[in-house]
Amino acid sequence: IKLVPLEINMGLGLALREGAKHCSYDLIARMDSDDISLPDRFEKQLKCFEQDKDLGVIGSNITEFVGEPDNMVGVRKLPEFHDEICKFLKKRSPFNHMTAMMKKSSLEKAGGYLDWKNMEDYYLWIRMYLAGVKFYNIQESLVNVRTDNNLYKRRAGLKYFKNMARLQKFMLKNKVITYPRYLINIFIRFIQCITPNWFRKMVYKNMLREKAT
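Residues numbered from 1 in each chain as written. Predicted model: local features only at pLDDT ≥ 70, side-chain atom pairs only at ≥ 80, totals over all residues. Heavy atoms only, no water.

Caption draft 1: Region of interest: helix α3 (residues 82-89). For α3, the full list of buried residues reads Ile85, Cys86, Phe88 and Leu89. In a view along the axis of α3, the buried residues occupy a sector of 160°, so they form one face of it. Relative to its buried face, α3 has exposed residues pointing more than 90 degrees away, namely Asp83 and Lys87. Considering only its buried residues, α3 is in contact with β4 (72-76), α5 (120-130), β6 (134-146) and α7 (158-173). (Buried < 20%, exposed > 50% of the residue type's maximum accessible area, 1.4 Å probe, protein only. Helix = DSSP H or I, 4+ residues; strand = E, 2+ residues; numbered from the N terminus. Arc of directions from axis to C-beta. Contact = heavy atoms within 4.5 Å.)

Below you can see the structure in the form of structure tokens.
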């Protein structure tokens, strides 16, 4: 185990960038400290890399829980194959960040992790898309993710909207999205950021998640 202490809080993106420098091998698996990977998560992801040598990033679905791990409240499912993932990327982040296993070479090909408050992962996937990295999502929940009401509160407010709007401009400038798609994305995110937390929570739970079984 390597511990990489940072003298100051640089934010998630730059911390991950520094951490990646110390990874010894070409495969990097990502997760957060309060999430729980299933015992066979890495085995399944490694098999996918073995079956398709061109893959650069492999993610999976997630199951979200509140409080205790057995209190499952929802499942976030994502598209499976590369073309579907690239199409989804134009609207929303196409990977559950805490499930990602990626080649270090693919990470470096896209310029590595960079700072972009609350959206470091989405920014990375966009740059990987532009760099021609191949994507795949395993259609199982391989990580159980802790969540709470703060999840919905963090995705609101003027600051969050400005950061997301900048990211949409980056996508537009680099021809990831068309101008009509840009306007639709901006409108949806503006509504998302100004609505009350209870309404945003209801949308996430009923429209952007499936019920956990």
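Now that the structure is up, let's keep going.
Caption draft 2: Quick look at the pairing of strand β3 (residues 55-65). Buried residues dominate β3, accounting for 11 of its 11 residues. Strand direction decides the pairing type here: β3 and β6, joined by 10 bridges, are parallel. In the sheet register, Leu55 faces β6, and the bridge partner there is Lys134. As judged from the two bridges shared by β3 and strand β5 (residues 101-103), these two strands associate in the antiparallel manner. Its bridge partner lying in β5, Val57 is registered against Met102. Where β3 lies against β4, four bridges are found, and the strand directions are antiparallel. (Pairing = 2+ DSSP bridges.)

Caption draft 3: View of α7. With 16 residues, α7 ought to run about 22 Å at 1.5 Å a step, and its terminal C-alpha atoms sit 22 Å apart, in line with that. All of the buried residues in α7 are Tyr160, Phe161, Asn163, Met164, Ala165, Leu167, Gln168, Phe170 and Met171. Next to the buried residues of α7 lie α3, α5 and α8 (179-194). (Expected span 1.5 Å × (residues − 1).)

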